[in-house]
Amino acid sequence: MMGSRVAASLLRRGRDQASALMTIPRLPRSAPAPPPAPSRVGSGSCGGGGRHLPPPPPPQSAGGLFAASRVASYHAFRSFGPKSFMGQCTRKMSTTAATLNSNMANATANSGLKLLVTKGPQAQKAVGIWLFGCAAWVFSMVILGGVTRLTRSGLSMTDWKFAGGLPPMSEEEWLLEFQKYKQSPEYMRVNKGMNLEDFKFIYWMEYAHRMWGRALGFVFAVPFAYFVAKGYVTRQLGVRLSALFALGGAQGLIGWWMVKSGLEEPASEYVEPRVSPYRLAAHLTSAFVIYCGILWTALSVVMPDPPAESMKWVKGAAKFRKLAIPASAVVGITAISGAFVAGNDAGRAYNTFPKMGDSWIPEDVFSMEPFIRNFFENTSTVQLNHRILATSTLLSVSALWLAARKVDMHPAVKSLVGSTLGMAALQVTLGISTLLMYVPTSLGSAHQAGALTLLSLMILLTHTLRRPSPALLKSLASAVKST
């Protein structure tokens, strides 16, 4: 990226030199050429600092000047002027080119722009596509996990192997798996009398969820190893991706830790067997962390610097960032609170809106002891908490949108804020519809997808609002001084 910027700067320099040539008055062919002023070449040119080059031959015509300007633009990346000035330079072309490459490398190293991928734009594109693909895979994993939970399929597999295994292939193997499930509390209290075909459906849902996660590990690890072997990945990017890969491996263990809580006998015979809401929240939160980490890294690979074309826009983005970060935190907390709604099956209680039943606040919101348990285990409190947070999210994003109208920023950032507001409004609408219709699988999974989409937009927004690199800030400041 910085190499291209240096080359662009040199190209502008060559064009300026060509433009200077174009301003020489047109002379008749017979007229003598005026004696040109001695030209000084800076330390970056092959003439050496302070040396005088021989005067150029007189221009023959305007067409000759145009040809000279084209030659100047073509050779600008080597810091050479028009062709007529290259008498002594041709003998030192190889030395100058080597010096220029060294200077460009030093400029990139000292610019303050830390690229996460080496080996040029093609490597950057390849790594970016791979990371965005992994992020999309994690997105689908979260949605598939939500469908698995909504169809009550998560407890159908009563054992777990790290590497996985083949599904039942014969009728005898299916009957054996069904017998294992019949010994679980969920079958005895919820699904007693289920036939083999219905069991196969929930088994396949859970099996697909587990194997989709293991396939993600393969899709992540193999290209990662390839890019490292090719030398595309910097140390900083390698450490970050290694941490995400380790967290992905731990996610499988967290998932089984969660499932085990649902296979244990409930404390009371009147309580339905379900996984621990704390473990479900841990499983979902770690999935969000993995997704946000991969998405942020992918954006950093393909967009090393945020969109900024003036210092005024940079200052506006810095002010707006102070509002966007707290709003992003509210969106994230609201999404995590949804895990406790799912873990307590709170979406199937108080299926009215805006009131909860006949009152705004149920009487039993603080009935548990100790007090803190109400926010994680009390069905009434968990749903009320999620409603308040969802409303706060919509208000926060609305406030961002109003503030963006008054702050001078890049138009792309303002457009992104408008899209985020639209997604927040849609997500609230999905949540209310899911509640009123008693959590159908289609709306429930759409609501979970909406939460992750809104979180993605907030990640993208905060990424585009980050501080530019010192190199970009310096160039913008220089542009301001020149005007």
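Residues numbered from 1 in each chain as written. Predicted model: local features only at pLDDT ≥ 70, side-chain atom pairs only at ≥ 80, totals over all residues. Heavy atoms only, no water.

> Before we go on, may I ask you to explain the overall build of the protein in this structure?
From N to C terminus, the protein includes 15 helices and 0 strands. Within the protein, the proportion of its 483 residues that are buried is 41%. Put simply, of all contacts in the protein between residues at least 6 apart along the chain, 77% involve residues at least 24 apart. Summed over all atoms, the accessible surface of the protein reaches about 25,700 Å², with 64% contributed by carbon and sulfur. (Helix = DSSP H or I, 4+ residues; strand = E, 2+ residues; numbered from the N terminus. Buried < 20%, exposed > 50% of the residue type's maximum accessible area, 1.4 Å probe, protein only. Contact = heavy atoms within 4.5 Å. Areas by Shrake-Rupley, 256 points an atom, 1.4 Å probe, with all protein chains shown as cover.)

> I'm lost on the pattern of salt bridges in this one. Help?
Taken as a whole and judged by the stated rule, the model has 11 salt bridges. Two residues, R152 and D345, come together in a salt bridge whose shortest N-O distance is 3.4 Å. Within this pair, whereas R152 is found in the loop between α4 (120-150) and α5 (171-182), its partner D345 is found in the loop between α10 (311-343) and α11 (374-377), the two being separated by 193 residues in sequence. Here E377 and R373 are joined by a salt bridge, their closest N and O atoms 3.0 Å apart. Here E377 falls in the partly exposed class, since its relative accessible area comes to 24%. (Salt bridge = Lys/Arg side-chain N within 4 Å of Asp/Glu carboxyl O.)

> Is there a simple way to think about the UniProt feature "transmembrane region" (unreviewed entry) in the protein in this case?
Within this numbering scheme, the UniProt entry marks residues 127-147, 211-229, 241-259, 279-302, 323-343, 384-404, 416-439 and 445-465 as carrying the feature "transmembrane region" (unreviewed entry). Between the end C-alpha atoms of residues 241-259 the distance is 27 Å, and the span holds 100% helix and 0% strand. For residues 323-343, the end-to-end C-alpha separation is 31 Å, with 100% helix and 0% strand making up the annotated structure. (UniProt positions renumbered as here; feature names shortened; annotations may be inferred.)

> Whenever I open this one, unusual backbone geometry confuses me. Can you help?
Note: most residues except glycine have negative phi, and most peptide bonds are trans. Along the chain, F353 connects to P354 via a cis peptide bond; the corresponding omega equals 5°. Looking at where P354 falls in the secondary structure, it is placed in the loop between α10 and α11. Cis rather than trans, the peptide bond between E369 and P370 has omega equal to -5°. Here P370 is to be found in the loop between α10 and α11. A positive phi is found at K119, a non-glycine position, where the angle reads about 70°. Here K119 falls in the exposed class, since its relative accessible area comes to 59%. A positive phi angle, close to 55°, is found at D345, a residue other than glycine.

> How should the confidence of the model for the protein be read in this particular structure?
Close reading of the predicted structure is inappropriate where its pLDDT is low. Mean pLDDT over the protein works out to 80, with 75% of the residues at or above the 70 mark. Low pLDDT, under 50, characterises residues 1-11; the predicted model gives this stretch 22 contacts beyond four residues in sequence or across chains. Predicted confidence for residues 13-111 stays below pLDDT 50, and this span has 87 contacts to residues more than four positions away or in other chains. (pLDDT = per-residue confidence, 0-100.)

> Can you help me understand the side chain of S337 in this one?
Locating S337 in the fold gives a position in helix α10. For S337, a relative accessible area of 8% corresponds to the buried category.

> What should I look at first to understand a nonpolar patch on the surface in this one?
Nonpolar side chains collect at one region of the surface, where F353, L436 and M437 lie side by side and expose about 320 Å² of accessible area between them. Position of M437 relative to the elements: it lies in the loop between α13 (411-436) and α14 (441-464). Note on M437: relative accessible area 55%, which makes it exposed. (Patch = residues over 30% accessible without salt bridge, like charges linked within 9 Å, V, L, I, M, F, W, Y side chains within 5 Å.)

> How should α4 be read in this particular structure?
With 31 residues, α4 extends 46 Å from end C-alpha to end C-alpha; this agrees with the ideal 45 Å at 1.5 Å per step. In the segment just after α4, R152 is the residue with positive phi, at about 55°. (Expected span 1.5 Å × (residues − 1).)

> How should the environment of F224 be read in this particular structure?
Examined against the element boundaries, F224 turns out to sit in helix α7 (residues 196-230). Each C-alpha atom of the pair F224 and L241 lies 8.2 Å from the other, and the pair is 17 residues apart in sequence. Among residues more than four places away in sequence, those in contact with F224 are W130, V233, G238, L241 and S242.

> Help me understand the environment of R210 in this model?
If you trace the backbone, R210 turns up in helix α7. As for R210 and G164, which are separated by 46 residues in sequence, their C-alpha atoms are 7.9 Å apart. At 2.8 Å, the side chain of R210 forms a polar contact with the side chain of E206. (Polar contact = N/O pair within 3.5 Å; in protein donor to acceptor, adjacent residues only side chain to side chain.)

> Sorry, what's going on with the packing of helix α12 (residues 379-406) against α13 here?
Two measures define how a pair of helices packs: the angle their axes make with one another and the distance between the axes. Packing of α12 against α13 brings their axes to within 9 Å, and their N-to-C directions diverge by 160°. When the axis of α12 is compared with that of α13, the two are roughly antiparallel. You can see that α12 and α13 cross each other, and the crossing is left-handed. Taken together, the residues of α13 that come into contact with α12 (itself represented by Q383, R387, A390, L394, V397, S398, L400, W401, A404 and R405) are K414, V417, G418, T420, L421, A424, A425, V428 and L435. (Axes fitted to C-alpha atoms, helices over the stretch in contact; angles between N-to-C directions. Parallel < 35°, antiparallel > 145°, perpendicular 65-115°, else oblique. Left-handed = near helix turned anticlockwise from the far one by under 90°.)

> When you look at the side chain of Q383 in this model, what are you seeing that I'm missing?
With respect to the secondary-structure elements, Q383 resides in helix α12. Only 2.5 Å separates the side chain of Q383 from the backbone oxygen of A349, close enough to count as a polar contact.

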